Amino acid sequence: MTSLVHESTLLAGRTARHWRAQPGAFLLTAAFPLLVLLLMTGLLGGAIAGGTRSYLQLAVPGILAVTMLFGLETTMIAVAGDAATSVTDRLRSLPIRALSVLGGRGLADVAASVIGLALVVLGRLALGWRPGSFAGMAVAAVLLLWLRIGLLWVGIYGGLTARGPESVAAVQILVWPISMLSTAYVDPTTMPTWLGLVAELNPLSATVTAVRELCGASTIVGSTWATEHAMVLAVVWPALLTAAFLPLYVRTYRRLGD
């Protein structure tokens, strides 16, 4: 276990050195959700909530969850880039565990998500958003990072099986419909019935609703079991993603080149 942690830390440091070499790109990626919030608040705040300040209470928890979703494409691009430039093959030739490669990527991406969340929260506090209790915000942060961990395995597996960084562009396009087709930005009761049902069943919506409750924001009254038990599903969905995609990654990594 000590060796696994040591190897994972070294590989995470490799990714951190890439960020240090290109700080502009890293900071732009981390601050991008704040730009999305500014655009969504300015464009939709008055129409949906009667004002930008009221809309912030609804939108901020949603944007926090969407920030975790945006990390999916970053992970896929990094993993696909390593595979395309033979870095993955070089790592497989070293006497290190497959889980060390996974752990290094995971540590680096979760650290980036923590930085991204911190930047977004600070920016939104400056805009006038006020969360509930500190304890509630702390639990909300844990649920957000848990969602990021669940999506992490999806991104790593998808990047490993992609034909190249160019093919990841499709994922960058799909991220937006997934985020929009949820309860992150609007109340699903304002949608057509079938569309609102799909939005409530979106795994992202479970974390959004749970974070809203923990932050003391106005909760959305849904019509499905998924919305009523959002706190439970916010834990269950990432666990299911981990159980599904983590073994797939390990098996695919070990069979590369066969």
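Residues numbered from 1 in each chain as written. Predicted model: local features only at pLDDT ≥ 70, side-chain atom pairs only at ≥ 80, totals over all residues. Heavy atoms only, no water.

**Student:** Just checking my understanding: could you explain the overall build of the protein chain for this structure?
**Tutor:** What the protein chain contains, in helices and strands, is 11 helices and zero strands. Here the C-alpha atoms of the protein chain give a radius of gyration of 19 Å, agreeing with the 18 Å that 2.2 N^0.38 yields for 258 residues. Each principal axis of the C-alpha distribution contributes one length, and for the protein chain these read about 60 × 35 × 35 Å. Taken across its 258 residues, the protein chain has 46% of its residues classed as buried. Across the protein chain, the fraction of contacts at a sequence separation of at least 24, relative to all contacts at a separation of at least 6, is 81%. If you sum the accessible surface of the protein chain, you get close to 12,700 Å²; carbon and sulfur atoms cover 70% of it. Distance between charge centroids for the protein chain: 8 Å, based on 16 positive and 11 negative side chains. (Helix = DSSP H or I, 4+ residues; strand = E, 2+ residues; numbered from the N terminus. Rg over C-alpha atoms; globule rule 2.2 N^0.38 Å. Buried < 20%, exposed > 50% of the residue type's maximum accessible area, 1.4 Å probe, protein only. Contact = heavy atoms within 4.5 Å. Areas by Shrake-Rupley, 256 points an atom, 1.4 Å probe, with all protein chains shown as cover. Lys, Arg positive; Asp, Glu negative; His and termini not counted. Charge placed at Lys NZ, Arg CZ, Asp CG, Glu CD.)

**Student:** Sorry, what's going on with unusual backbone geometry here?
**Tutor:** Leaving glycine aside, a negative phi is the common case for residues, and trans is the common case for peptide bonds. Of note, the phi angle at Ser86 is positive, near 70°, even though the residue is not glycine. Summarising the element assignment, Ser86 is placed in the loop between α3 (52–84) and α4 (87–93).

**Student:** Would you mind showing me how to read the nonpolar core here?
**Tutor:** Soluble globular proteins tend to bury their nonpolar side chains together. Counting residues in each nonpolar core, the largest one holds 41 residues, and the members touching the most others are Leu64, Trp129, Leu144, Tyr185 and Leu204. At the level of secondary structure, the elements contributing two or more residues to this core comprise α2 (23–49), α3, α5 (98–127), α6 (134–161), α7 (169–180) and α9 (203–215). No other element matches the 15 residues that α3 contributes to this core. When residues no more than four places from it in sequence are discounted, the contact partners of Leu64 are Leu117, Val120, Val121, Arg124, Trp129, Met137, Leu144 and Val211. Counting residues in hydrophobic clusters, the runner-up holds 14 residues, among them Val79, Val101, Leu102 and Tyr249. (Core = buried A, V, L, I, M, F, W, Y, C linked by side-chain atoms within 4.5 Å.)

**Student:** Explain the side chain of Glu7 to me, please; I cannot follow it from the model alone.
**Tutor:** Within the secondary structure, Glu7 sits in helix α1 (residues 2–21). Owing to a relative accessible area of 13%, Glu7 belongs among the buried residues under this scheme. Dropping the residues within four chain positions of it, Glu7 is found in contact with Pro95, Ile96, Arg97 and Ser100.

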